[in-house]
Amino acid sequence: MEKKWWKEAVVYQIYPRSFMDSNGDGIGDIQGIISKLDYLKNLGVDVIWLSPVYKSPNDDNGYDISDYQDIMDEFGTLSDWDELIEKMHNRGMKLMMDLVVNHTSDEHQWFIQSRKSKDNPYRDYYIWRPGQNGQEPNNWTSFFSGSAWEYDENTDEYFLHLFSKKQPDLNWENPKVRKEVYDMMTWWLEKGVDGFRMDVINLISKVDGLPSAPGGKRYDWGGEYFMNGPRVHEYLQEMNREVLSKYDIITVGEGPGATTEEAAKYANNENTELNMIFTFEHMDLDSGPGGKWDVKPWKLADLKEVMSKWQKELEGKGWNSLYLNNHDQPRMVSRFGDDQNFREVSAKMLGTFLHTMQGTPYIYQGEEIGMTNVQFESIDDYNDLEIKNMYREKVIEGGEDADQVMQAIYQKARDNARTPMQWDGSEHAGFTTGTPWLKVNPNFIDINTEKALEDPNSIFYYYQKLIKLRKEHEIIVYGTYDLIVPDHEQIYAYTRKLGEEQLLVILNFSSEDAPFTLPEQIAFKEDQLLISNYELDDEQRIDSITLRPYEARVYLLK
Ligand code: NOJ
C-alpha cells in the first residue's frame, strides 16, 4: 500500500461559529481560532478542517456562499485568514477548507444575474425549468423539507435547490461553471491551503431530463437521479487534472448515498479523483423507514457489518475516512456511548474505535472532551433550518405530536453538535463574553477543556495518546482489518495486520461486563498493551478476559 501523509494524519473539524468568539458578538471567529491553536497543537492533530468561513447570508450557517473569495463579516477578514494559515503552518499544521460547490447562496452575484432574465449570460449557471401543469418541474423533495424547486416570478420559471431555497444548485453541465470553480480553487491553493473537504460533492451531476421520483407522491425522494449521477466521475477527474493533481493536498468528498463500489472510484488508489469520502451508512443505523427523524435503536451487529464492509471493500482499492460525528450529526457519546452513566469511558472507547480502524480519523470539536447532545425546552431555542422546517412540516402543518418530534430532535438534531465549545466553567463556557448565537449546553460546568487539561485521566489526554500511537505504530495506519468474534452481542473486536505484527482491538459497546475469548487462530509470542480506558492489572492474560462496561483495549501482538 502506498504511503501518504494524509493517510497518517489526524484531522480536527472546526465549526467556526461555535468554536471561540474573540470580540464578544456571540459568534465564533477566526481570531478565536487563532487563540486556540496551541490547544489543538497540544492535542496533536495535523490538519484542521474549517467549516465554511466565506461570505454568506447564513441561511445554512455558511453552507450558502455569496462570495467564495472573501470572508464572512462575523468571522473576520481575509487578513485574519492569512494570519490563521501562517500561524498554523508555523506550528506544522495544515488547513483544509470546506468547498461548497453543489450550490451557492441565492445572494451570490452569479445567481443575482441568473435570475434577471432568460438570456442573461449567467442563466445557465443554475438549473432553471418551466413548471409542469402549474406545478414544480418534478416532484423532488429538498433535503430540508418541501419541494426542491422554487418559483421565480420574474422569468416564470423554477430553479432547483436540493437544500434550502436560498441554496440554488449550480449547473455543472455548463463548462463555464466548472472553470469558475477550478479557478476559485486554484486561487485558494495559491494562497496556501492544504486541502478541501467537498460538500455533497457526489450530488453535482443530475440525471438528464430530471425525472420525477416514482411513487406518485407530491414531494418524493429523488436521490437516485442526483446521487452519484452520470457525469460525477468525469467532473471529478477533470477537477483532478485541472487543479488537484498540481498540489500535494488532502481531499475528502462528502458522499451521501455512496456505495463502496462508488467510493472505490471516488477514492481510488490511482488518485484520479479524491483521497477519500465521507460515507453515511453507519450514520443511518438508527433511522427507521421514515428516515432520519424516525429514530430507532441502532444495533451493534449492524455497526459491525457496515464498518467491516467499508474496511474490506476498500482494502487495496481506496482509502476510508473515519468519523462518528460532525456538525451535521448528534454527539457520538450520546448516540453510540452512554452520556449519563459512562460518559468518560464510553467516549474513550469510541475514540479508540475511531483511531484504530483503517482510514484517516476526523475529530469533531468538543469530541475530545466528551461533549454531549443537548435538550432545549423550546423549539425556539434551536437555530438550524433543517429542524425548523421539519418541525413546521410535521407539527405545525402536519399536526404530529410535538413532544414526540422534540424527542427526535433531542436525538438527531444537528444543533446537538453546534452548541458552543465548552472552554471553562465561567459564564457561556468561556466561549464568548456576549450572548452566544446558540445557547451553551448547561453541562459546561462539568464538561470543559479547562477541567480536561487539569485531569491526567481525561478524554483529552486519552485522545492525545491515541494520536501519538498512530505516529509510533505504522500498523495503526496501514494494517489490514479483520473482524473477529462477529456474533458477540456486546463486543466489537478486530485485528489489524502488517508484516509480522498484529494489532488486537477489543471494545465493549455495552454498559454490562462482557466476557471475551480470544479466537484460537490468533497466534503470538508476545503481547503489549498499547492503550486502555481502565486501569489494568498486568497479570491478566488476554485469551480469556472480562471487559468492564465500555472497556477498550488495544494490544500489539508479535
Ligand atoms: C452538507 C453540509 O455538511 C451541511 O451542513 C449542509 O447543510 C449541506 N451539505 C448543504 O450544504
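Scoring rules and cut-offs
- All residue numbers here refer to positions counted from 1 along the written sequence of the relevant chain.
- Per-residue local features are limited, in this predicted model, to residues with pLDDT of at least 70; the limit for side-chain atom pairs, both in listing and counting, is 80 or more; totals at the level of whole chains, interfaces and linings are taken over all residues.
- Neither water nor hydrogens contribute to the side-chain values; these are computed over all heavy atoms in the structure.
- Two rings from Phe, Tyr or Trp (for Trp, the six-membered ring) form a pair when their centres are within 6.5 Å of each other. A pair whose planes differ by under 30 degrees is stacked, one over 60 is edge-to-face, and the rest are tilted.
- A run of H or I in DSSP counts as a helix once it spans at least four residues, and a run of E counts as a strand once it spans at least two, with each numbered from the N terminus.
- Think of it in three bands: with a 1.4 Å probe and only protein chains considered, a residue is buried below 20% of the maximum accessible area for its type, exposed above 50%, and partly exposed in between.
- Here a residue is considered near a molecule or strand provided that any single heavy atom belonging to it is located within 4 Å of it.
- Identification of polar contacts relies on pairs of N or O atoms within 3.5 Å, with a donor-acceptor requirement for protein atoms, meaning one able to donate a hydrogen and the other able to accept it, and with residues adjacent in sequence counted only if both atoms are side-chain atoms.
- Reported accessibility uses the Shrake-Rupley method at a 1.4 Å probe radius. Residues are deemed covered only where the shown protein chains occlude them.
- The nonpolar class holds Ala, Val, Leu, Ile, Met, Phe, Trp, Tyr, Cys and Pro. Asp, Glu, Lys and Arg form the charged class, and all remaining residues, Gly among them, are polar.
- Those domain boundaries reflect an automatic or database domain assignment.
- When checking whether two residues touch, look at their non-hydrogen atoms; a contact exists if any pair is within 4.5 Å.
- Accessible area that two parts lose when put together, with a 1.4 Å probe and added across both, is what the buried area reports.
- Put simply, a salt bridge is a Lys or Arg side-chain nitrogen that is within 4 Å of an Asp or Glu carboxyl oxygen.
- In this scheme, patches are assembled from residues that exceed 30% relative accessible area and form no salt bridge. Like charges are connected within 9 Å, while nonpolar side chains (Val, Leu, Ile, Met, Phe, Trp, Tyr) are connected within 5 Å.
- Charged-residue counts in this description rest on Lys and Arg as positive and Asp and Glu as negative, His and the chain ends being excluded.
- Think of each charge as sitting on NZ of Lys, CZ of Arg, CG of Asp or CD of Glu.

## Overview of the packing of aromatic side chains
- Across all of its chains, the model carries 41 aromatic pairs by this definition.
- With a centroid separation of 6.4 Å and an interplanar angle of 5 degrees, the aromatic rings of Trp140 and Tyr225 are classed as stacked. Here Tyr225 lies in the loop between strand E9 (195-198) and helix H7 (232-242) and Trp140 lies in the loop between strand E6 (128-129) and strand E7 (149-152), a separation of 85 residues in the sequence. Of the two residues examined, Trp140 and Tyr225, each falls in the buried class.
- Their ring planes at 40 degrees and their centres at 5.2 Å tell us that Tyr481 and Tyr494 sit as a pair that is tilted. Residue Tyr481 is located in strand E16 (residues 480-484), and its partner Tyr494 is located in strand E17 (residues 491-498); the two are separated by 13 residues in the primary sequence.
- Since its relative accessible area comes to 0%, Tyr494 is described here as buried.

## Quick look at the site of the ligand
- Near the ligand you find 14 residues, and of these Asp60, His103, Asp199, His327 and Asp328 are the closest.
- Here an oxygen atom of the ligand sits 2.4 Å away from a polar atom, N or O, in the side chain of Asp328.
- Relative to its free-state accessible area of 290 Å², the ligand is covered by the protein chains to the extent of 98%.
- Of the residues belonging to the shell around the ligand, the class tally is four nonpolar, three polar and seven charged.

## Here we look at the domain arrangement of the protein chain
- Along its sequence, the protein chain is organised into domain 1 (1-99 + 320-374 + 419-472) and domain 2 (479-557).
- Taken together, the 18 residues of domain 1 in the interface contact 21 residues of domain 2.
- Both faces combined, the contact of domain 1 with domain 2 buries some 1,600 Å², and carbon together with sulfur accounts for 73% of it.
- Our count for the contact surface shared by domain 1 and domain 2 stands at zero salt bridges.
- At the boundary of domain 1 with domain 2, the tally comes to five residue pairs in polar contact (both at pLDDT 80 or more).
- Those elements giving two or more residues to the side of domain 1 that touches domain 2 turn out to be helix H11 (343-355) and helix H15 (459-472).
- Tallying contributions element by element places H11 first for the side of domain 1 that touches domain 2, with seven residues.
- Each residue belonging to the side of domain 1 that touches domain 2 can be placed in one class, and the counts come to ten nonpolar, five polar and three charged.

## Structural notes on unusual backbone geometry
- One non-glycine residue, Asn271, lies in positive phi territory at about 60 degrees.
- Note on placement: Asn271 falls in the loop between helix H8 (260-266) and strand E11 (276-278).
- With a phi close to 55 degrees, His428 is a non-glycine residue in the positive phi region.
- Tracing the chain through its elements places His428 in the loop between helix H13 (402-412) and helix H14 (449-454).

## Let's talk about a negative patch on the surface
- A contiguous patch of negative charge on the surface is contributed by Glu393, Glu400, Asp401 and Asp403.
- Secondary-structure assignment places Glu400 in the loop between helix H12 (385-397) and H13.

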